[in-house]
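Working through the structure, step by step
In case you want the letters, here they are:
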Amino acid sequence: MTNASGLLGTPMVAATWPQPSPPPAGSAAAASPQMGRVGNGSQGASLLFLSSPLARGVSGIFVWTALVLTGHQIYLHLRSYTVPNEQRYVIRLLLIVPVYAFDSWLSLLLLGGHQYYVYFDSVRDCYEAFVIYSFLSLCFQYLGGESAIMAEIRGKPIQPSCVYGTCCLRGLSYSIGFLRFCKQATLQFCIVKPIMALVTIVLQAFGKYNDGDFSIHSGYLYVTLIYNVSVSLALYALFLFYFATRELLRPFEPVFKFLTIKAIIFLSFWQGLLLAILERCGVIPEAQVIGGSKVGAGTVAAGYQNFIICIEMLFASIALRCAFSCQVYAEKKEHSPAPAAPMRTISSRLKETMSPQDIVQDAIHNFSPTYQQYAQQTTHEAPSPGTHPGVDRGLGGGRRSRNVEKRMLIPAEVL
């Protein structure tokens, strides 16, 4: 038990339980196996640090500090909502901190015999897909949309690189089909992840899902495999898109933004998987909750995962504050004569930001067979790729406010 606590890096409070009284002589033969099993389990279990007031208090301080920092940053973006096509996705990315932090903290507070965390984690998992799609869409908006990107990269040969996974694309060139694949690979994660979350809830309700149980009879194995394939495909698509547009994206510091977002999503997943493996190897034993109910090792591993996420979200909020600064949008607002936005306008902007309507439309467009005849998008007219509201802009610069519908006909043979 001491070794397991040391490996986890989290102190566990030892407890000495009174020895059970010997059973009556008449029932010794019948009761001795059951009593021995219960007695050993009680002696082998320990009070769980995660359910102590100290753990809940420390995690709560980190969570609420992260919520205040991120909430203030979101408020600044809503006040200076000068480039809606970009800031819509920026705010979605920032909201990953409140979703992750508050979800993990609630799961930690409700840690016990019933696996409530499965339901909360399902909400968190669904938002992961929302964030990955939003990041790719933000990159598209930085560069002026699909048409502007194709004008820059179409026909150029794909440079083989083992680092970016393009070694198998030797001899091919960029086409509209390339951008379509990047969007489809990202959108499939937005579809697979909610389905897997629903499947997890159903399996857990029927007792067929246990964290860390890699048995072929447990749903955890199959959900983990499907999730790994889906998330790996989405990550590969993001790498391909960055490899194709890295020079165009250079003014926007995409590497810092990319690493910040992906660290939150993928590192949290891998550390959860590592805890599940440690539980499977017996490093994380069963523990006795202060309330008296015993929880399984898988629940304990999930509890440590939620505790770690609560701590990490404070640092994530600081990193996101630097990666997605509001300064460039606030500077643009200074040159606009419009008055400060009232709270009603701010709330309506937040509601518009969280609407998933654009994801539905994008999914229909990218998975529709008619995509082979044309690609259509409606955006605010943007400058050439590589410019930004806060980069190389004079007092009268910036993006024009009128909307322009762009329609690009794509012959089927170039897809």
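Residues numbered from 1 in each chain as written. Predicted model: local features only at pLDDT ≥ 70, side-chain atom pairs only at ≥ 80, totals over all residues. Heavy atoms only, no water.

1. Remarks on the overall build of the protein chain
When you go through the protein chain residue by residue, the secondary structure sums to 14 helices and 4 strands. Relative to its full complement of 415 residues, the protein chain shows a buried share of 48%. A sequence separation of at least 24 residues applies to 80% of the contacts in the protein chain between residues at least 6 apart. Per element, the accessible surface of the protein chain, about 20000 Å² overall, is 64% carbon and sulfur. (Helix = DSSP H or I, 4+ residues; strand = E, 2+ residues; numbered from the N terminus. Buried < 20%, exposed > 50% of the residue type's maximum accessible area, 1.4 Å probe, protein only. Contact = heavy atoms within 4.5 Å. Areas by Shrake-Rupley, 256 points an atom, 1.4 Å probe, with all protein chains shown as cover.)

2. What about the UniProt feature "transmembrane region" (unreviewed entry) in the protein chain?
Mapped onto the present numbering, the UniProt feature "transmembrane region" (unreviewed entry) falls at residues 54–78, 90–110, 130–151, 185–207, 219–243 and 255–278. Along residues 219–243 one finds 100% helix and 0% strand; the C-alpha atoms at either end are 36 Å apart. (UniProt positions renumbered as here; feature names shortened; annotations may be inferred.)

3. Describing empty space enclosed by the protein
The tally for this structure, following the rule as stated, stands at 3 cavities of 30 Å³ or more. There is about 60 Å³ of room inside the second largest cavity. Lining the second largest cavity, in full, are Phe-135, Leu-136, Cys-139, Leu-238, Phe-241, Tyr-242, Leu-249, Pro-254 and Phe-258. Counting residues per element, the ones that place at least two in the lining of the second largest cavity are α6 (117–142), α9 (219–249) and α10 (254–280). It is α9 that contributes the most residues to the lining of the second largest cavity, 4 residues altogether. Here the lining of the second largest cavity is built from residues that sort into 9 nonpolar, no polar and no charged. (1 Å grid on protein atoms, 1.4 Å probe; cavity = no way out; pocket = protein on both sides within 12 Å on 5 of 7 lines; lining within 4 Å. Points joined across faces, edges and corners; volume = space filled by probe spheres on them. Nonpolar A, V, L, I, M, F, W, Y, C, P; charged D, E, K, R; others polar.)

4. Some remarks on the packing of aromatic side chains
To describe a pair of aromatic rings, you give the distance between the ring centres and the angle between the ring planes. Scanning all chains against the criterion turns up 12 aromatic pairs. Between Phe-49 and Phe-307, the aromatic rings sit 6.0 Å apart at their centres with planes inclined by 80°, giving edge-to-face as the arrangement. One end of the pair, Phe-49, is in the loop between α2 (28–44) and α3 (53–79); the other, Phe-307, is in helix α11 (residues 297–323), and 258 residues separate them in sequence. According to the relative accessible area criterion, Phe-307 is buried, its value standing at 12%. Both rings, one in Phe-140 and one in Phe-241, keep their centres 4.9 Å apart while their planes meet at 10°; by these two values the pair is stacked. Within this pair, whereas Phe-140 is found in helix α6, its partner Phe-241 is found in helix α9, the two being separated by 101 residues in sequence. What makes Phe-241 buried here is its relative accessible area of 2%. (Phe/Tyr/Trp six-rings, centres within 6.5 Å; stacked < 30°, edge-to-face > 60°.)

5. A short note on the side chain of Thr-200
Tracing the chain through its elements places Thr-200 in helix α8 (residues 176–205). Take Thr-200: its relative accessible area is 9%, and that puts it in the buried class. In contact with Thr-200, not counting residues within four places along its chain, are Val-118, Tyr-209 and Val-223.

6. Observations regarding the packing of α8 against helix α14 (residues 357–367)
Interhelical geometry of α8 versus α14 gives an angle of 130° and a closest axis separation of 10 Å. With respect to α14, the axis of α8 lies oblique. For α8 against α14, the interelement crossing comes out left-handed. Across from Arg-180, Lys-183, Gln-184, Leu-187 and Gln-188 in α8, the residues of α14 making contact are Ile-359, Asp-362, Ala-363, Asn-366 and Phe-367. Here the residues of the contact of α8 with α14 sort into 4 nonpolar, 3 polar and 3 charged. (Axes fitted to C-alpha atoms, helices over the stretch in contact; angles between N-to-C directions. Parallel < 35°, antiparallel > 145°, perpendicular 65-115°, else oblique. Left-handed = near helix turned anticlockwise from the far one by under 90°.)

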